[in-house]
Structure formats: structure tokens, C-alpha cells
Amino acid sequence: MPETLQFIPVAEAREPFFVGIDLGGTNIKFGVVDDRGRPMSWMTIPTEAERGPEDTAERMAAAVHRVIGEAGLTPQRIARVGLASAGPMDIPAGMITTPINLKGWHNAPIRDLVATSCGLPVTFENDANAAAYGEFWVGAGRDFPSLILLTLGTGIGCGIIFGDLVLRGEHSHGGESGHIILDFSPEARLCGCGRRGHLEAYASATAVIKRAKQLLESGRRSSLSDRIAGGKGLTPKLIAAEAEAGDELSLEIVLETAHYIGLGAVSLMHMLQPAGVFLGGAMTFGGHETALGRRFLEHVREEVQRLALPQVARATSIDFATLGGDAGFIGAAGVARLEWLQKQTGHY
Ligand SMILES: [Zn+2]
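What counts, and where the lines are drawn
Residues numbered from 1 in each chain as written. Predicted model: local features only at pLDDT ≥ 70, side-chain atom pairs only at ≥ 80, totals over all residues. Pairing = 2+ DSSP bridges. Helix = DSSP H or I, 4+ residues; strand = E, 2+ residues; numbered from the N terminus. Contact = placed C-beta atoms within 7 Å. Axes fitted to C-alpha atoms, helices over the stretch in contact; angles between N-to-C directions. Domains from an automatic or database assignment. Nonpolar A, V, L, I, M, F, W, Y, C, P; charged D, E, K, R; others polar. Expected span 1.5 Å × (residues − 1). Buried ≥ 20, exposed ≤ 12 C-beta atoms within 10 Å, placed from the backbone.

A.B. asks: I tried to follow the pairing of strand β3 (residues 39-46) on my own but got confused; where do I start?
C.D. replies: Residues in a regular strand point their side chains to alternate faces of the sheet. The sheet contact formed by strand β2 (residues 27-33) and β3 spans seven bridges and is antiparallel. Across the sheet, the residue bridging to Val 33 is Pro 39, located in β3. Joining the antiparallel neighbours β2 and β3 is a turn of five residues, in which Gly 37 adopts a positive phi near 80 degrees.

In C-alpha cells:
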């Protein structure tokens, strides 16, 4: 969260410097980050995607120059810019192909538009991969040699990092683990992607709201009904608040979500055996800060212990991510640094 971001002054920062951009459907976050992943400045602007990719790229370039100035730097001192965005995308081509959250941006060559507008070289990355790299570089996974980050929000994002390898797959959609299959029966829940039985259809915010609705419609008693009758919208936040206040149905929904996350984590762990699996995003029920968040995490861990090979379960840490909404821009700067280093050493 921006309020908790600790900025370091240029005198304490270590060169080279990088700019990270996290392009979302509603907002775009920018920040200058030093060689150790420490933020030096930060800002956000509305995406206003309807104005088109060229217009947005121009405004992004202006914002890039502003954060560089606010960090006490000049553009000449920036080694590279990292730009993270949601897919579907073609990472090598620097293109967003058929975006869901950026209407009208089909086949937008956003990497090159931003590079031309701001006059700096740009590395393009999937936003879930960037967030995972941010956690790996300076967040919850900074002491881990490898990790998987599951981002629990409207959908479920996933990024997989092993050392300096960001798993992008052969055609830019590697590690899309929100869509691993939990249920292959014909009545399996419908995912946001249009297929059935995917993890996202069980454990995303959208899925949690859907499940809550169905349980209430089936006649289950819950304080949620009173809150909704009182004008509150049915959201994961409301479910968390009611669970904390002792509502059984709400707690059941939270723990069921943990169960599904545990199932997904186990499949990923058996495939890749990362050193850590981290849970981030808006729907972590308060994380370590609340009793409910801790209970949610504990239940994910219990499910992993119950279902995974003991050797795998024992060797993998399961925990919350720590960078919150800043993981994207910090990680975008991190992958830009990675590309810069690879170009320096000739390993590419
Ligand atoms: Zn899906």
C-alpha cells in the first residue's frame, strides 16, 4: 500500500535505477526503484482505457518523467523501464492482444508505444509474473530461491519464479494457474474464462460471492442476509466482517475458500516444488493482521499437509505475500533490471 511504502532518498539509493509500471484496467501505478528494489518515488494515474493505447502511452510517458523527477533523478540515469499488464498478451512482441479489461486495445503494441513516448527502453511483462517477481526480489519471498504467487482478487493470478527464471511459457501464458482444474465433472463451476472447474471458479472473489449467494438462496441462515437487507452489497469484505463477528456461514465460506486454495497449491507444488507458495491480492481476509486472515492461512496449510506428499508439504512454506498493491510496479522494475543485467553480461 502506498501509505506503508518507505521511500529512500537518492543519496542512499544504489545505481542503476529502474522505473516500474503496473498497467491495470482502472489505474496505472508508477515508481522508481533502485538496484536493491527500494522505491524512491511513486504515483498513480487513471487508465482511461477508452482514450486508446496511444493516448494512454503519452500520459504514461509524462508520469514516468514525473516520478523520475520526484526521485531526484534525470531520465539519463534510468537504465530501463518495466511495464506490466494483464493479458492475453504476446510478451516477445510487446503486445496486449485481446484484453478483457482494456476495451478497444486489441493488438496494441504497448511496449513500443511507451518506449517511444518516454524515450527509454522498456521490458514488457505479464502483471501476475511481475507481482511474483516483486515478492521474490524484495517481498515475502526475498529469502527464497523459488516461489509461486497466487493473487486472489476478481480472478486468480499466478506467477512462477525459479531463480532468475520468470516462467512465461512458450507463448506468453505459462503459469496461468488460476485455471488449473479442480473439478472435471459436467456440473463443475463456470470460470471467468468460460471453461468449467478451474480454481478461479472456486476461490476468486467472484466465486466467493457466487457461492455465498447460492447458500443464502438455498435458505441457509446467516447475518449476511440482514446486512444485505440493510443495503450492504455482498462482497468478500462483508463476508470477512461477518465471519469475524461469529457468523457460521461466512466462516464456512472463508474456510472453504482456503480448502480450494490448498487444493490448487498442492497440484502446483507437486508439479514444481517451489520453496514457497505465497498468497496475495485483495482477498486475503486481512492477512496476518486479523484472526480471520491467520485462520484462513492455517487452513490452507492444513489442507496442504493433508493432501501433499509429506516430503513436498514439509519443504514448502505457505504464507501471505507482503508487498500488497505495490508488488506489480516493483516487480516490473525488477524484470526490467533482470533484462538489463542479461544484456550487460551477454546471457540472453
Ligand atoms: Zn478459467
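Now that the structure has been shown, the text picks up again.
A.B. asks: Can you help me understand the sheet that holds strand β10 (residues 165-166) in this one?
C.D. replies: Within a beta sheet, neighbouring strands are joined by backbone hydrogen bonds and run either parallel or antiparallel to one another. Strand order in the open sheet formed by five strands is β10-β9-β8-β11-β12, and the pairing between neighbours is mixed. Each having just a single partner strand, β10 and β12 (317-320) make up the two edges of the open sheet. Of the pairings in the sheet, the one linking strand β11 (residues 276-280) to β12 comprises four bridges and is parallel in character. Bridging across to β12, Val 277 finds its partner in Ile 318. Taken strand by strand, helix α3 (residues 127-138) contacts β8 (146-152), β9 (156-162), β10 and β11, and its axis lies near 50 degrees from that of β9.

A.B. asks: In this structure, what is going on with the domain arrangement of the protein chain? I would like to understand it.
C.D. replies: Many descriptions give the size of an interface as the accessible area lost when the pieces come together. Per the domain assignment, the segments of the protein chain are domain 1 (2-133 + 328-345) and domain 2 (143-322). Inter-centroid distance (C-alpha atoms) of domain 1 to domain 2 is 28 Å. Of the residues lining the interface, 14 residues belong to domain 1; the matching set on domain 2 comes to 15 residues. Elements with a contribution of two residues or more to the side of domain 1 that touches domain 2: β5 (89-90), α3 and α11 (327-345). Examining the composition of the side of domain 1 that touches domain 2, we find that six residues originate from one element, α3, more than from any other. Its residues assigned to classes, the side of domain 1 that touches domain 2 shows nine nonpolar, three polar and two charged.

A.B. asks: What should I look at first to understand α3 in this one?
C.D. replies: The periodicity of an α-helix, 3.6 residues per turn, causes residues three or four places apart in sequence to face the same way. Look at α3: 16 Å from first C-alpha to last across twelve residues, which is about the 16 Å you get at 1.5 Å a residue. Among the twelve residues in α3, twelve count as buried, and that is most of the element. Among the residues of α3, those classed as buried are Asp 127, Ala 128, Asn 129, Ala 130, Ala 131, Ala 132, Tyr 133, Gly 134, Glu 135, Phe 136, Trp 137 and Val 138.

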